[in-house]
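Single-letter residue listing:
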Amino acid sequence: MSLSNSPVSVRNLSVAYHRKPVLRDIDYDAPEGELIGIIGPNGAGKSTLIKAILGLIPLAGGEVNIYGKPYHEQRQLVGYVPQRESVDWDFPTDALDVVMMGRYGKLGWFRRPKAEDREIAMECLQKVGMESFARRQISQLSGGQQQRVFLARALAQDARVYFMDEPFAGVDAATEKAIIQVLNELKQQKKTVLVVHHDLQTVSEYFDSVLLLNLRKIAAGPTREVFHAENLQKTYGGRLTVLPGSSDVMVTG
């Protein structure tokens, strides 16, 4: 079956760790120019899905296309913000150098950055409110500041499709506000942004569409159509409580 020309298209995607299935037969086409929330309980395979799409882990089966072509042919179109916990923040480099790394996809690894690239990197730091920390060692930044720097690095890539793995996790309210502002700017530029997200209270506010995941695809589509109690119950099972008479939801142990 030929894949569609959507920003991200997966067919029959399966992943297994030590022969134990982690994702099973995922079919999904991401709508273009939207903010998309990837929603599901811990262990549902949300981060695994992103890593599988980006070729960071092997597939047990299936295909992935970015705008109709395999990821390795479209790498320059894709930006990625990993989970903050997965990064070595003790690496001896400053915030500006981290953001400059986002330019290498445009430059190639063996061409030196130009003044224009440095200007773009500084503009990206400015967009996330971190320009005054450009020469600060990343190990000296707070968690929220580190997350902003990684967001700036993704912006410097000037991608068409962005993947962000829990960018709001453990950040302060000011950083969360700055991140969502940047996401909305990307959307205005017709970029497609897929975000692993765990706070159910903000899903309807933040995302145009959602992918509900728990080892399999439970549902996908516009938030107003598929983000409802029945689908959430299928996704979270007994760990979800929908509070009577409201749209509030609560995940329990």
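Residues numbered from 1 in each chain as written. Predicted model: local features only at pLDDT ≥ 70, side-chain atom pairs only at ≥ 80, totals over all residues. Heavy atoms only, no water.

The final tally for this structure, using the stated rule, is two aromatic pairs. Taking 5.3 Å as the distance between ring centres and 35 degrees as the angle between the ring planes, the aromatic pair formed by F168 and Y206 counts as tilted. A residue pair is termed long-range when its members are at least 10 positions apart, and F168 in the loop between β7 (161-165) and α7 (173-188) and Y206 in helix α8 (residues 203-206) qualify at 38 residues. Accessibility assignment for this pair places F168 and Y206 in one class, buried. Here Y206 and F207 contribute two aromatic rings whose centre-to-centre distance is 6.2 Å and whose plane-to-plane angle is 80 degrees, an arrangement assigned as edge-to-face. (Phe/Tyr/Trp six-rings, centres within 6.5 Å; stacked < 30°, edge-to-face > 60°. Helix = DSSP H or I, 4+ residues; strand = E, 2+ residues; numbered from the N terminus. Buried < 20%, exposed > 50% of the residue type's maximum accessible area, 1.4 Å probe, protein only.)

If you trace the four strands from one edge of the open sheet to the other, you get β2-β1-β4-β5, paired in antiparallel fashion. In this open sheet, the two strands that pair with only one neighbour each are β2 (20-29) and β5 (69-70). Sheet topology places strand β1 (residues 9-17) next to β2; six bridges connect them, and they run antiparallel. Residue S9 lies in a different strand from β2, and its bridge partner there is D29. The strands that helix α1 (residues 46-53) touches are β1, β2 and β4 (61-66); relative to β1, the one it contacts most, it runs at about 115 degrees. (Pairing = 2+ DSSP bridges. Contact = heavy atoms within 4.5 Å. Axes fitted to C-alpha atoms, helices over the stretch in contact; angles between N-to-C directions.)

So, about the pairing of β7. Of all five residues that make up β7, five are buried, and the element is covered over most of its length. Alternating residues of β7 divide into V161, F163 and D165 and Y162 and M164, and every residue in both groups is buried. Relative to β7, strand β6 (residues 78-81) runs parallel, the two being bridged by four bridges. What sits directly across from Y80, in β7, is F163. Following the backbone out of β7, through α7 and into the adjacent parallel strand β8 (residues 192-196), one traces a crossover that is right-handed. (Right-handed = clockwise from strand over helix to strand, strands pointing away.)

Ranked by internal contacts, the top residues of the largest apolar core, which has 47 residues, are V99, L125, V149, M164, L183, L186 and V193. With seven residues, helix α6 (residues 143-156) is the single largest residue contributor to this core. Counting 29 residues, the second largest nonpolar core, distinct from the first, contains I53, I57, Y71 and L211. (Core = buried A, V, L, I, M, F, W, Y, C linked by side-chain atoms within 4.5 Å.)

For the rest of this paragraph, the subject is unusual backbone geometry. A negative phi holds for most residues other than glycine; trans holds for most peptide bonds. Positive phi outside glycine occurs at N12, with the angle close to 50 degrees. Among the secondary structure elements, N12 is positioned in strand β1. Overall, N12 belongs to the partly exposed group, its relative accessible area being 45%. In this structure, L215 is a non-glycine residue whose phi angle is positive, near 70 degrees.

A word on the environment of E34. Positionally, E34 belongs in the loop between β2 and β3 (35-39). With 159 residues separating them in the primary sequence, E34 and V193 have C-alpha atoms 6.3 Å apart. Leave out the neighbours within four places in its chain, and E34 touches K191, T192, V193, D208 and S209. Engagement of the side chain of E34 in a polar contact is seen with the side chain of S209, the distance being 2.9 Å. (Polar contact = N/O pair within 3.5 Å; in protein donor to acceptor, adjacent residues only side chain to side chain.)

What follows covers the side chain of E176. Within the element layout of this structure, E176 appears in helix α7. Of the side chains with opposite charge, R148 lies nearest to the buried E176, which makes no salt bridge, at 11 Å. Discounting residues that sit within four places of it in the chain, E176 has contacts with F168, V171, T202 and Y206. (Lys, Arg positive; Asp, Glu negative; His and termini not counted. Salt bridge = Lys/Arg side-chain N within 4 Å of Asp/Glu carboxyl O.)

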